[in-house]
Amino acid sequence: MKKLLTARWILAALFLVLSGIYLVMGLSPKSFAGLIARVQIMPSMVATSIGIILFWLIITIVYGRMYCSWICPVGTLTDLVLRIRRFMPTRFHRFRYRPRRKVRFHILALYLVCVVAGIAIVPALVEPWNIFRNLTGLARPEASAVATLGAGIATGILAGIFSLLLITVCALLTGRSLCTDLCPVGTLLQLAASNALWRVEIDPDRCTACMKCEEVCPAGCVKVVGRYVDDSRCVRCMECVGRCPEEAIRFQPNRNRPATPLLRRREHTRGG
Ligand code: SF4
Ligand code: SF4
Ligand code: SF4
């Protein structure tokens, strides 16, 4: 299972670096880095690449939110900031299970209304690909998502600082809350992933309740009491499977234990 964690980091680093090079150097969309960038969900939607959108829909239904830890540069940057969090005092850097929050649907609704109404500034600030574009705009301001709306170079730089603070503050204070509670693409992926065929599951026969998986889960979706994983919020970072000393928490085809759906229903009634 540790190999999954290593594979995830190699792929995520590749996509992060190539996407960054593509944006900072202003390469052609037909260059290798440009083609890699088009695998991202938002650029493919803008280019109406139905094939790529269908690809991610199928991958999410089968394997869950692989996009959010293996491909999305904002997810990878968040996890890099989380490495810094490990140097904080122990009681601050351990994660705990968090209930679901309805605010994610409110943000998604606001985002969709703005897209339909043509209010471009909101998507330019909250879409993950645009957050990354704004960030790389600190090195090449004219390419920032906000600057390309005609808001000017200085506003583009401010948007870059905003994106940097958004990623850093969310990661340091709450782990992956940007991905579980704020990102509209993440909320859409949650809906597709809620009944994924492959899941992260805890084997109660092997688990010694050492709490390591819950403490390293940046999405706050592991609850060792009850051996529960909220799979819709799981971003497939593989931190838990890579660190469990008993190999009790695994990424595997859904074994559909009777206890799991009951607990899942209780979570629904609690948080939405
Ligand atoms: S939830 Fe959004 S920002 Fe987070 S990794 Fe997924 S697509 Fe990227
Ligand atoms: S890390 Fe493994 S053994 Fe420890 S609580 Fe999690 S699943 Fe159980
Ligand atoms: S359950 Fe495991 S794989 Fe999923 S987000 Fe938490 S630590 Fe990452």
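Here, the structure is the one placed above.
Here we summarise the structure given alongside this text. (Residues numbered from 1 in each chain as written. Chains lettered and ligands numbered in written order. Predicted model: local features only at pLDDT ≥ 70, side-chain atom pairs only at ≥ 80, totals over all residues. Heavy atoms only, no water.)

**Overview of the site of ligand 1**
Note the threshold: Being near a molecule or strand, for a residue, comes down to having at least one heavy atom within 4 Å of it. Labels follow the DSSP assignment, with helices taken as runs of H or I lasting at least four residues and strands as runs of E lasting at least two, numbered in each case from the N terminus. Charged residues are taken to be Asp, Glu, Lys and Arg, nonpolar residues to be Ala, Val, Leu, Ile, Met, Phe, Trp, Tyr, Cys and Pro, and polar residues to be all remaining types, Gly included.
In the vicinity of ligand 1, the contacting residues are R65, Y67, C68, C72, V74, G75, P128, R176, C179, C183, V185 and G186. When contributions to the shell around ligand 1 are tallied by element, the ones reaching two or more residues are α5 (67–70), α6 (73–85) and α13 (184–193). Taken together, the residues of the shell around ligand 1 sort by class into eight nonpolar, two polar and two charged.

**What about the side chain of R98?**
So the rule is basically this: Buried residues are those whose accessible area, probed at 1.4 Å on protein chains only, stays under 20% of the maximum for their type, while exposed residues exceed 50% and partly exposed ones sit between those limits. Residues scored as positive are Lys and Arg, those scored as negative are Asp and Glu, and His as well as the terminal groups of each chain are ignored. When a carboxyl oxygen of Asp or Glu lies within 4 Å of a side-chain nitrogen of Lys or Arg, that pair is called a salt bridge. Here a residue-residue contact requires only that any non-hydrogen atoms of the pair lie within 4.5 Å.
With respect to the helices and strands, the residue R98 is situated in the loop between α7 (90–93) and α8 (103–117). At 4.9 Å, D181 is the nearest oppositely charged side chain to R98, a buried residue that forms no salt bridge. Look past the residues within four positions of R98 in its chain and what remains in contact with it is T174, R176, S177, T180, P218, A219, G220 and R233.

**Things to note about the site of ligand 3**
Ligand 3 sits among C217, P218, A219, C221, V222, C234, V235, R236, C237, M238 and C240. Here the shell around ligand 3 is built from residues that sort into ten nonpolar, no polar and one charged.

**Remarks on α8**
This is how the line gets drawn: Given a helix with a known number of residues, its expected span is that number minus one, times 1.5 Å. Here the arc refers to the directions that run from the helix axis out to each C-beta atom.
Its 15 residues give α8 an end-to-end C-alpha distance of 21 Å, which sits within 8% of 21 Å, the value for a rise of 1.5 Å per residue. For α8, the full list of buried residues reads R104, L108, Y111 and C114. Along the axis of α8, the buried residues cluster in a sector spanning 130°; they form a single face. Structural note: α8 exposes H106, V113, V116 and A117 on the side pointing more than 90 degrees away from its buried face.

**What about the nonpolar core?**
The line we're drawing: Remark: nonpolar core denotes a set of buried residues (Ala, Val, Leu, Ile, Met, Phe, Trp, Tyr, Cys) joined through side-chain atoms within 4.5 Å.
I167, V222 and I249 are the most contacted members of the largest nonpolar core, which totals 57 residues. Here this core takes seven residues from helix α1 (residues 2–25), the largest share from any one element.

By themselves, these figures tell us nothing about what the structure is for.
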